[in-house]
Amino acid sequence: MPFRVVIAGGGVAGIEAALALRALAPDLVSVEVASPEPTFAYRPLVVSEPFGRGHVHVLDLHEITADAGATLRIAGLSGVDDAGSRAIFDDGTSAEYDALVIACGTKLVSAVPGASTFAGRADVETYRQMLDDIDSGEVASVAFVVPHGPVWPLPIYELALMTARRPSKHEAELTLVTPEDEALDVLGPAATRAVTALLAEYRIAVLAGVLPMGVNDGSLTLAPSGTVEADRFVALPAQHGIDLDGVPNVPGGFIPVDEHGRVEGLTNVFAAGDITNYSVKQGGVAAQQADAVAEVIAAEAGAAILPEPFRPVIRSVLLTGSGPRYLSSHMRNGAELSSVATTQPFWSPPDKIAAPFLAPYLARRIDGALR
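Residues numbered from 1 in each chain as written. Predicted model: local features only at pLDDT ≥ 70, side-chain atom pairs only at ≥ 80, totals over all residues. Heavy atoms only, no water.

(A) The sheet that holds strand β7 (residues 86–89), seen in detail. In spatial order, the strands read β6-β7-β8; together these three strands make up an open sheet with antiparallel pairing. Looking at which strands have only one partner, the edges of the open sheet turn out to be β6 (77–81) and β8 (94–96). Averaged over all pairs of adjacent strands, the angle between their axes in this sheet comes to 20°, without regard to strand direction. The pairing of β7 with β8 spans three bridges and is antiparallel. (Pairing = 2+ DSSP bridges. Helix = DSSP H or I, 4+ residues; strand = E, 2+ residues; numbered from the N terminus. Axes fitted to C-alpha atoms, helices over the stretch in contact; angles between N-to-C directions.)

Next up, the structure:
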């Protein structure tokens, strides 16, 4: 019998794992993808929607899983029976596995009380209305806020930069507030220098190294001290893990894994993507985790490969309103090995999510529109 693989999650990590297994062990594994939603949404371009420059692409998961040689179950993971090697789903069903991949993502929650949260498509119209209010002169100042905790900060920089570059009859005073030591320091010193220069060029003030506590009467309280005054406040959501019966977690609800994605304390259970305890929550990183997991599973199923551990290379495209910036940081054991920031792409395809299997697949399906 084929080696039975269940992948819980129909997002970037889940689909990358399915595509990788098809490439690495096509005749050795059977793959079932379980997702509570029947569609896959390519979300990084959601920041462009308020400006009319792009949109979220939505694809049918039935078609994607068929292309990956997998089957699809519409259900969410609710728990794991480790002793019985069984995945338990929220519709009351279950599935036996030889390997389980937990890639179900996280919960997005508002993290700055009193601020407007930009978490995705549901918030596009609210942001669009704020742009109209800037045009009318009703809004003269906006603060863009990165919350404390696990969060991918790049989208708030994109919103701030594209707002600054947008033609308007009235110019708003823009401020970016972040607990980061420096602007986008997760992507290394080259990115920090490039982004700092852009923020200065676009006349966006920056307050770094502060914790945003909450907004009251047009004032954002900061810790350890200080305030920021503005007419509107826009914040990113924080990410929390999902409680799964029988699955260990660390503070924040994230799943602890080793360098090959194995879940600590469980047998033949892996995790990849934002649900893990790796600090960077980003699509390209999720894909790299999924690839490391797929290599281990393929080897255990009998494929002649030597699994490589997860060694993150963070690649990202920063939308600025005047041409993208391509940013990359290579980390090893917590130390940075290289950092790059250019106006020219240096990976292929040069999409927002740099995923070895998913990115080329999406480029074929969407015909380059992701760029």
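(B) Structural context of the pairing of strand β13 (residues 173–178). The buried fraction of β13 amounts to five of the six residues, a majority that puts the element mostly inside the structure. Here strand β12 (residues 141–145) pairs with β13 via five bridges, running parallel. The residue bridging Phe 144 from the neighbouring strand is Leu 176, located in β13. Once you follow β12 into helix α4 (residues 154–165) and on to β13, the crossover reads as right-handed. As a crossover connection, the stretch from β13 through helix α5 (residues 188–201) into strand β14 (residues 204–208) is right-handed. (Buried < 20%, exposed > 50% of the residue type's maximum accessible area, 1.4 Å probe, protein only. Right-handed = clockwise from strand over helix to strand, strands pointing away.)

(C) Expanded view of the packing of aromatic side chains. In total, this model carries five aromatic pairs according to the counting rule given. Between Phe 118 and Tyr 127, the aromatic rings sit 5.8 Å apart at their centres with planes inclined by 80°, giving edge-to-face as the arrangement. Taken individually, Phe 118 and Tyr 127 each receive the classification buried, so the pair is uniform in this respect. Taken together, a centroid distance of 5.0 Å and an interplanar angle of 80° make the contact between Phe 346 and Trp 347 edge-to-face. (Phe/Tyr/Trp six-rings, centres within 6.5 Å; stacked < 30°, edge-to-face > 60°.)

(D) Expanded view of α4. Taking 1.5 Å of rise per residue, the 12 residues of α4 would be expected to cover 16 Å, and the 17 Å separating its terminal C-alpha atoms lies within 8% of that figure. Every buried residue belonging to α4 is among Leu 154, Pro 155, Ile 156, Tyr 157, Glu 158, Leu 159, Ala 160, Leu 161, Met 162 and Thr 163, and all of these are buried. (Expected span 1.5 Å × (residues − 1).)

(E) Up close: the nonpolar core. Tyr 127, Phe 144, Ile 156 and Tyr 157 are the most contacted members of the largest nonpolar core, which has 51 residues in total. Only α3 (124–136), β12, α4, β13, α5, α6 (283–301), β21 (313–318) and β22 (325–332) provide two or more residues apiece to this core. If you tally residues by element for this core, the top one is α4, at seven residues. The contact partners of Tyr 157, leaving out residues within four places of it in the chain, are Leu 176, Thr 178, Glu 180, Ala 183, Leu 184, Val 195, Leu 199 and Leu 318. Ile 7, Val 296, Leu 358 and Ala 359 belong to the second-largest nonpolar core, a separate cluster that totals 45 residues. (Core = buried A, V, L, I, M, F, W, Y, C linked by side-chain atoms within 4.5 Å. Contact = heavy atoms within 4.5 Å.)

(F) Up close: the environment of Ile 134. Relative to the elements of secondary structure, Ile 134 occurs in helix α3. Ile 134 sits in the buried class, given a relative accessible area of 5%. Setting aside chain neighbours within four positions, we find Ile 134 in contact with Val 139, Val 142, Thr 163, Ser 168, His 170 and Ala 172.

(G) A look at the packing of helix α1 (residues 12–24) against α6. Between α1 and α6, whose axes approach to 8 Å, the crossing angle comes to 40°. The handedness of the crossing between α1 and α6 is right-handed. Seen from α1, the contacting residues are Val 12, Ala 13, Glu 16, Ala 17, Ala 20, Leu 21 and Leu 24; seen from α6, they are Gly 283, Ala 286, Ala 287, Ala 290, Asp 291, Ala 294, Glu 295, Ile 297 and Ala 298. Considered class by class, the residues forming the contact of α1 with α6 number 12 nonpolar, one polar and three charged. (Left-handed = near helix turned anticlockwise from the far one by under 90°. Nonpolar A, V, L, I, M, F, W, Y, C, P; charged D, E, K, R; others polar.)

(H) The arrangement of the side chain of Glu 49 in detail. Residue placement: Glu 49 occurs in the loop between β3 (39–42) and β4 (57–60). Here the side chain of Glu 49 touches Val 56 through a polar contact of 2.8 Å, landing on its backbone nitrogen. Not counting residues up to four positions away in its chain, the partners in contact with Glu 49 are Gly 54, His 55, Val 56, Arg 121, Val 124 and Arg 128. (Polar contact = N/O pair within 3.5 Å; in protein donor to acceptor, adjacent residues only side chain to side chain.)

(I) Layout of the sheet that holds strand β16 (residues 219–223). Across the sheet, three strands lie side by side as β15-β16-β17; this open sheet has antiparallel pairing. Edge positions in the sheet fall to β15 (211–216) and β17 (227–229), since each of these pairs with one other strand and no more. Adjacent strand axes in the sheet meet at a mean angle of 25° when their direction is disregarded. Two strands pair when backbone bridges link them, and β16 and β17 are joined in this way by three bridges, in the antiparallel orientation. From the neighbouring strand, Leu 220 faces β17, where its bridge partner is Val 228.

(J) How the structure looks around the pattern of salt bridges. Taken as a whole and judged by the stated rule, the model has 15 salt bridges. Residues Glu 63 and Arg 365 are paired through a salt bridge, measuring 2.9 Å at the closest nitrogen-oxygen approach. One end of the pair, Glu 63, is in helix α2 (residues 61–67); the other, Arg 365, is in helix α7 (residues 358–366), with 302 residues separating them in the sequence. Using a relative accessible area of 41% as the deciding quantity, one classes Glu 63 as partly exposed. Relative accessible area serves as the criterion here: at 31%, Arg 365 is assigned to the partly exposed category. Residues Glu 171 and Arg 203 are paired through a salt bridge, measuring 3.2 Å at the closest nitrogen-oxygen approach. One end of the pair, Glu 171, is in the loop between α4 and β13; the other, Arg 203, is in the loop between α5 and β14, with 32 residues separating them in the sequence. By the burial criterion, Glu 171 is exposed, and Arg 203 matches it. Each member of the salt-bridge network shares a partner with another, and the members are Arg 4, Arg 86, Glu 96 and Asp 98. (Salt bridge = Lys/Arg side-chain N within 4 Å of Asp/Glu carboxyl O.)

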